[in-house]
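Listed below, chain by chain, are the residues.
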Amino acid sequence: MAKIQEKYELMVIIDPNQGEEGIQAITERFTGLIEANGTMDEIEEMGKRKLAYEINYIADGHYVLMRFTADPNFPKELDRVLGITDGILRSLITVRPA
């Protein structure tokens, strides 16, 4: 029998040059997208941190960790939207252990 829901973690690194309003808008956009396709379990704002290496000549990033439950097909669409969104430096979606 196929799984109906799966638990995931999404780590997003947002460009800090977006400003507080821009960072908040990006976070709210993806929170809304996740809630429309599943349930948000937890959001952890980790704040601005130094990157291990520069990405597009940017040395710092604003980290946000989102834990959610969704259909197994949803992360592919979420990854696609993350990839085309301006202001996202890096993102990673992983399956949480049960």
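Residues numbered from 1 in each chain as written. Predicted model: local features only at pLDDT ≥ 70, side-chain atom pairs only at ≥ 80, totals over all residues. Heavy atoms only, no water.

Novice: Describe in detail the overall build of the chain, supporting the description with residues and values.
Specialist: Secondary structure summary: the chain contains two helices and four strands in total. When the helices and strands of the chain are listed from N to C terminus, the series reads β-α-β-β-α-β. For a compact globule of 98 residues, the expected C-alpha radius of gyration is about 13 Å, and the chain comes in at 14 Å, within 12% of that figure. Across the 98 residues of the chain, 42% fall into the buried class. Taking contacts inside the chain between residues at least 6 apart in sequence as the whole, the part at least 24 apart equals 73%. When the accessible surface of the chain is summed, it comes to about 6200 Å², and 50% of that surface belongs to carbon and sulfur atoms. Positive and negative charge centroids in the chain, built from 11 and 17 side chains respectively, lie 5 Å apart. (Helix = DSSP H or I, 4+ residues; strand = E, 2+ residues; numbered from the N terminus. Rg over C-alpha atoms; globule rule 2.2 N^0.38 Å. Buried < 20%, exposed > 50% of the residue type's maximum accessible area, 1.4 Å probe, protein only. Contact = heavy atoms within 4.5 Å. Areas by Shrake-Rupley, 256 points an atom, 1.4 Å probe, with all protein chains shown as cover. Lys, Arg positive; Asp, Glu negative; His and termini not counted. Charge placed at Lys NZ, Arg CZ, Asp CG, Glu CD.)

Novice: Give me the sheet that holds strand β3 (residues 58-70): which residues, what numbers.
Specialist: In space, the four strands of this open sheet follow the order β2-β3-β1-β4, with antiparallel pairing throughout. This sheet does not close on itself; its edge strands, each paired only once, are β2 (38-55) and β4 (88-95). For this sheet the average axis-to-axis angle between neighbouring strands, irrespective of direction, equals 15 degrees. As judged from the nine bridges shared by strand β1 (residues 6-14) and β3, these two strands associate in the antiparallel manner. For Leu10, the partnering residue across the bridge sits in β3 and is Met66. Contacting β1, β2, β3 and β4, helix α1 (residues 19-37) runs over the sheet at an angle of about 140 degrees to β2. The sheet contacts of helix α2 (residues 74-83) involve β1, β3 and β4, and relative to β4 the element is tilted by about 170 degrees. (Pairing = 2+ DSSP bridges. Axes fitted to C-alpha atoms, helices over the stretch in contact; angles between N-to-C directions.)

Novice: Residue-level account of the nonpolar core, with values.
Specialist: Ranked by internal contacts, the top residues of the largest apolar core, which has 18 residues, are Leu10, Phe30, Ile34, Phe68 and Leu78. Of all elements in the fold, only β1, α1, β3 and α2 reach the threshold of two or more residues within this core. Once residues lying within four places of it in the same chain are set aside, the contact partners of Phe68 are Glu6, Lys7, Tyr8, Glu9, Leu10, Ile34, Thr39, Met40, Asp41, Phe74, Leu78 and Arg96. Residues Ile13, Leu51, Ile58 and Leu89 belong to the second largest nonpolar core, which totals six residues. (Core = buried A, V, L, I, M, F, W, Y, C linked by side-chain atoms within 4.5 Å.)

Novice: If you had to explain the packing of aromatic side chains to someone new, which residues and values would you point to?
Specialist: By the definition in use, this model includes two aromatic pairs. Ring plane angle 80 degrees and centroid distance 6.1 Å describe the contact between Phe68 and Phe74, whose orientation is recorded as edge-to-face. Exposure remark for Phe68: the relative accessible area of 0% places this residue in the buried category. Taken together, the ring pairs in this structure connect Tyr8, Phe68 and Phe74 into an aromatic cluster. (Phe/Tyr/Trp six-rings, centres within 6.5 Å; stacked < 30°, edge-to-face > 60°.)

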